[in-house]
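# Chain and residue survey
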Amino acid sequence: MFEAAYAPAAGIGDIKENDPMLSRKWLQTYFRKVARTSLLGGCVTALGIPVSALAFQDLPEFQQAGEEAKSDGLIRDDLGRIAFIVELRGDSAKGFSSNFASDKRFQTYQKGEAVNLVRSMESQYRLEATSMTSWSSTSFTAFLDDRQFDRLSRDARVVQILPDVAMTFSADSTAVWSDSAATLAAPPNALWNTLVSQSSEMQAWGKRAINQSTTSSSGSAIVYVVDAGVGQHVDLNVVQWVNAVDHTNDCGTRAGVAPPLAACTAAKLKKLVGCYTHATAVAGIVGAKSNGTGVVGIDPGAKIVSVSILDPAAYPNTPSSSCVNLPTASGATIQASRVKTALDWVASDIAANIHTGRPSVVNLSLNWVTPSQWPASGIAAVKADMAALGSSTPGAFVVQSAGNQYANACTYSYGPASASDGVMVVGAINNHGQPVVPLHGAPGFWRELVGFGHEMGSNYGACVEAWAPGDAVFTTAAPVTSQQGDVVYSTYAYGAGTSFAAPHVAGLAAYLIETRALTSPSQVEQNVRGTLFDLGSLDPGGAAIKIPTLNPIVGSAPRNTPYAEFVLANRCIWPNFATGTPPAGCRVLSATQDPSFITGVARNFGSLSMAGQTNVWASFDSYGTGAYSCKVQILDALGTPRTLYTGKQYYDPASLFRANTYAASADCPSASGVVGN
């Protein structure tokens, strides 16, 4: 990469046009001449770059057709021509008509005079612009050969010609853990909310944090997923489907069950699989198979028993429904009695069919939301059933999510905490080893399949006994609210929330049961607690963040790092840490909506379209432990950084970000964003 700026200068017209190294030599000559003047020195000094840093001898040659692509960051077409951004004088379009027919290259919001100027130059220089700008500056981008470059450089309307270098989101190089392989949904695509395929097998960052080396389950432990109903998936080992409300259609392949299970049919599965793919995602974290495709669970291939708490007869379900819907009637809720019924069935199944003498595991990725929905009496009754499973022999170790309200977990989950009750409540961390919190005032849980529901952040406090990965966790999934009972899926997605933290601990517990001589839920809990590893980070209440892991961080490798985000907008936005009063019509960032779903706003790793606007509102927020600071940086089209601010939070309603710039933070690289045209 090189820092290139062109302005017409005297004494450089003696380069021969038939010289095969025309552009290279021309640029070298130009830079050497201009570097002796204050012009170039002033420009690069303003950007914090010494003139001596310019590598005149290493300027890239124009690639000839058929050559291999060079790793110099330049963009080339099939003919070897390099893409350049041609900046034009602001008054160059004067006199051109404002009327034009728009197309993919020339959008309706562009200034007509500038469009017609570019079209005129296309004809004059026999080139084709691939894009243009007309508001922040007048420019166009095109692939140029040597002759076109030279002729354009002599055009008085041209201010400078810059290579259109490839720009990507900065790698989150300070993350403590990362996925073992790229996915179609993660950056640089940043399609967190998309259902995708994954042909090559990968370990999600949560697997690498909790139990990286285990490749298969012995199958001697059962994990009951009490949820909406797990779907059929090529990566899951579901041995039994049960509906806790109506057992008419229970089925599966699980051996040793009395009476023997009926074989599953399409008709039965439509009454057992939830339309909401939440349970399928949970099950994948517990035990996705190691089969050469997709993802690998914490206890790969673990036996899953799906226990649905949904009523297949409740509205809007009908006899012809292809899955079991969540209740949607006025005032409908998932009642405490449904959960009690499910836990009661689990207890009876353990008593009747678990003959190994080993405990089982129950994953409960659901929480009571408000007393109006779950009266205190109902909550107490569910807690009692959880405690009964955890205290019986062989019983079941019960793992529950802490909840996503960014509040005291004791209000929304089991408690009080005990080290030997066989019940554990789990909060959610991100891959920086930090609790998931609402930066900017916006939902902290947002890097996930659309429809999972973006929520504030992980609950915390005395009732949280362990923390586990719960942000941007890649797992098995189907269409989020239209998962069909009679379809076998092979798709994946990201999930976020304490719902996805709990199954990491459930999978680890299943593995410990399979590999150690454990005979009670209390022993399971003690063994899980024995693997707790202090990350050195703190929850919002000041309590230590500890994760259960079989591969703790060793040596001088960081146990936690700050996590940061950008929100960029072409309209007025107002983060929760801004001082003063928001202007009229300004969008206050809050838990009610993820900023990336608001028109004219882009959240971390997103790309903001200027859409004819000329100002960018920029918000930067971070969370970390102890003394730290982040540089808020703007990068130009060449990737040249300029530091705007150093600290933990930054808000600017009139930022220097403009079209074709890039928001980054070298020391907090989880924060990134692109401003397009």
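Just so we're clear, the structure is a prediction, and the values are computed from it rather than from any experiment.

Turning to the nonpolar core, a few remarks are in order. Among the nonpolar cores identified, the biggest contains 100 residues, and Trp-177, Tyr-224, Val-307, Val-346, Val-362 and Met-386 are the most heavily contacted of them. Sort the elements by how many residues they give to this core and helix α10 (residues 498-515) lands first, with ten residues. In terms of nonpolar packing, the next biggest core, distinct from the first, is built from 23 residues, Ala-93, Val-118, Tyr-125 and Ala-129 among them.

The next point concerns unusual backbone geometry. That bond from Tyr-315 to Pro-316 is cis: its omega, 10°, falls within 30 degrees of zero. On the secondary structure map, Pro-316 appears in the loop between β9 (303-308) and α8 (336-353). Residues Gly-415 and Pro-416 are joined by a peptide bond in cis, for which omega reads 0°. Turning to its location among the elements, Pro-416 is positioned in the loop between β11 (396-401) and β12 (423-429).

We now examine the packing of α8 against helix α9 (residues 376-391). Contact geometry of α8 with α9 gives a least axis separation of 9 Å together with a crossing angle of 15°. Classified by the interaxial angle, the pair formed by α8 and α9 is roughly parallel. Crossing geometry of α8 relative to α9 is assigned as left-handed. Here Ala-336, Val-339, Lys-340, Leu-343, Val-346, Ala-347 and Ile-350 of α8 lie close against α9, whose contacting residues are Gly-378, Ala-381, Val-382, Asp-385, Met-386 and Leu-389. Looking at the contact of α8 with α9, its residues break down into ten nonpolar, one polar and two charged.

To continue, consider the environment of Val-632. By the element assignment, Val-632 lies in strand β25 (residues 630-635). When the C-alpha positions of Val-632 and Ala-666 are compared, they lie 8.3 Å apart, and in sequence the two are 34 residues distant. Aside from chain neighbours lying at most four places away, what touches Val-632 is Phe-566, Phe-620, Arg-642, Thr-643, Leu-644, Tyr-645, Tyr-650 and Ala-664.

Read across the sheet, five strands follow the order β23-β29-β28-β25-β26 without closing on themselves; strand pairing throughout is mixed. Every other strand in the sheet has two partners, leaving β23 (607-608) and β26 (641-647) as the edge strands with one partner each. Two strands pair when backbone bridges link them, and strand β28 (residues 661-664) and strand β29 (residues 672-675) are joined in this way by four bridges, in the antiparallel orientation. When the bridges of β29 are listed, Thr-661 appears paired with Val-675.

The description of two aromatic rings rests on the distance between their centres and on the angle between their planes. Under the criterion given, the structure shown has 13 aromatic pairs. Summarising the aromatic geometry, the rings of Phe-452 and Phe-500 are spaced 5.3 Å apart at their centres and angled 55° between planes, so their arrangement reads as tilted. Here Phe-500 lies in helix α10 and Phe-452 lies in the loop between β12 and β13 (466-469), a separation of 48 residues in the sequence. Residue classification places Phe-500 among the buried residues on the basis of a relative accessible area of 2%. Relative to Tyr-494, the ring of Phe-474 lies with its centre 4.9 Å away and its plane at 55°, an arrangement referred to as tilted. Taken together, the residues Phe-474 in strand β14 (residues 473-477) and Tyr-494 in strand β16 (residues 491-495) connect sequence positions 20 residues apart. Its relative accessible area of 1% is what places Tyr-494 among the buried residues. Among the aromatic side chains, those forming a connected cluster through ring pairs are Trp-192, Phe-474, Tyr-492 and Tyr-494. Positioned above the aromatic ring of Trp-192, the side-chain terminus of Arg-447 is 5.0 Å from the ring centre.

Moving on, we come to the sheet that holds strand β10 (residues 360-364). Paired through backbone hydrogen bonds, the strands of a sheet run either parallel or antiparallel to each other. If you walk across this open sheet you meet the eight strands as β8-β7-β9-β5-β10-β11-β12-β13, and the pairing is mixed. At either margin of the open sheet sits one strand with a lone partner, and together these are β8 (251-252) and β13. Both strand β5 (residues 222-227) and β9 contribute to a ladder of six bridges, which runs parallel. For Val-226, the partnering residue across the bridge sits in β9 and is Val-307. On top of the sheet, α8 reaches β5, β7 (238-243), β9, β10 and β11; it is set at about 165° to β5, its chief contact. Against the sheet, helix α11 (residues 521-529) touches β11 and β12, its axis set at about 55° to β11.

Cut-offs and rules
Residues numbered from 1 in each chain as written. Predicted model: local features only at pLDDT ≥ 70, side-chain atom pairs only at ≥ 80, totals over all residues. Heavy atoms only, no water. Core = buried A, V, L, I, M, F, W, Y, C linked by side-chain atoms within 4.5 Å. Buried < 20%, exposed > 50% of the residue type's maximum accessible area, 1.4 Å probe, protein only. Helix = DSSP H or I, 4+ residues; strand = E, 2+ residues; numbered from the N terminus. Axes fitted to C-alpha atoms, helices over the stretch in contact; angles between N-to-C directions. Parallel < 35°, antiparallel > 145°, perpendicular 65-115°, else oblique. Left-handed = near helix turned anticlockwise from the far one by under 90°. Contact = heavy atoms within 4.5 Å. Nonpolar A, V, L, I, M, F, W, Y, C, P; charged D, E, K, R; others polar. Pairing = 2+ DSSP bridges. Phe/Tyr/Trp six-rings, centres within 6.5 Å; stacked < 30°, edge-to-face > 60°. Lys NZ or Arg CZ within 6 Å of the ring centre and 35° of its normal.

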